[in-house]
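# Commentary on secondary and tertiary structure
Letter by letter, the chains look like this.
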Amino acid sequence: MADLNGDNLLDLYLATGTTTSIIAFNNGDRTFTIKEHLTTAGSLNVALADFDGDGDIDLFLASAVNLSIYKNDSNGNFALSQVVSSISGGPHLNLLAGAY
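Every value quoted in this text rests on a predicted model; they were computed, and no experiment measured them.

Moving on, we get to unusual backbone geometry. Leaving glycine aside, a negative phi is the common case for residues, and trans is the common case for peptide bonds. Phi at N8 takes a positive value of approximately 65°, unusual for a residue other than glycine. Relative to the elements of secondary structure, N8 occurs in the segment before strand 1 (12-14). Even without being glycine, S74 reaches a positive phi, approximately 80°. By the secondary structure assignment, S74 is in the loop between strand 6 (67-72) and strand 7 (78-84).

What follows is the structure, given as structure tokens:
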């Protein structure tokens, strides 16, 4: 849960294990607007944080194949920024995000 579209409401990102994950934008009235998010591989885990320092929440997704960073355009639209596939020891199923 994080504010993914800058409206000060907590939204949801649901990693489904398939190439289509779900974003649920909070409408502020106990309802959500659902949006599909296509990924490069089936994501099993997600870390939500501002990875590029621009003030909005980005996605760091882990799958059995690779690790991917998706940058947020501040409106809850995510574009693939980087794929890391050379980390050994996968699958990478546990993620934590923090200030580094």
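On we go.
This brings us to the side chain of N26. Turning to its location among the elements, N26 is positioned in strand 2 (residues 20-26). Within polar-contact distance, the side chain of N26 engages the backbone nitrogen of G28 at 2.7 Å. Contacts of N26, omitting those with residues within four sequence positions, involve D7, L9, L10, D11, T31 and F32.

Now for the nonpolar core. Within the largest apolar cluster, nine residues are counted, these being A2, L4, Y13, I23, F25, L59, L61, Y70 and F78. Counting only elements with at least two residues in this core, the list comes to strand 2 and strand 5 (58-63). Core analysis: the second largest hydrophobic core is formed by five residues, A47, A62, L67 and I69 among them.

In the structure shown here, the tally under the stated rule is one aromatic pair. Relative to F60, the ring of F51 lies with its centre 5.7 Å away and its plane at 45°, an arrangement referred to as tilted. Overall, F60 belongs to the buried group, its relative accessible area being 18%.

Next up on the list: the sheet that holds strand 5. Pairing is antiparallel across the open sheet formed by four strands, whose spatial order is 4-5-6-7. Taken across any chain shown, the strands that pair with only one partner, and hence form the sheet edges, are strand 4 (43-49) and strand 7. Neighbour-to-neighbour, the strand axes of this sheet turn through a mean angle of 25°, independent of strand direction. Alignment of strand 4 against strand 5, held across six bridges, turns out to be antiparallel. Each residue of the ladder has a partner; that of N45, found in strand 5, is A62.

So, how was this worked out
- Residues numbered from 1 in each chain as written.
- Predicted model: local features only at pLDDT ≥ 70, side-chain atom pairs only at ≥ 80, totals over all residues.
- Heavy atoms only, no water.
- Helix = DSSP H or I, 4+ residues; strand = E, 2+ residues; numbered from the N terminus.
- Polar contact = N/O pair within 3.5 Å; in protein donor to acceptor, adjacent residues only side chain to side chain.
- Contact = heavy atoms within 4.5 Å.
- Core = buried A, V, L, I, M, F, W, Y, C linked by side-chain atoms within 4.5 Å.
- Buried < 20%, exposed > 50% of the residue type's maximum accessible area, 1.4 Å probe, protein only.
- Phe/Tyr/Trp six-rings, centres within 6.5 Å; stacked < 30°, edge-to-face > 60°.
- Pairing = 2+ DSSP bridges.
- Axes fitted to C-alpha atoms, helices over the stretch in contact; angles between N-to-C directions.

All we've got here are geometric facts, nothing functional implied.
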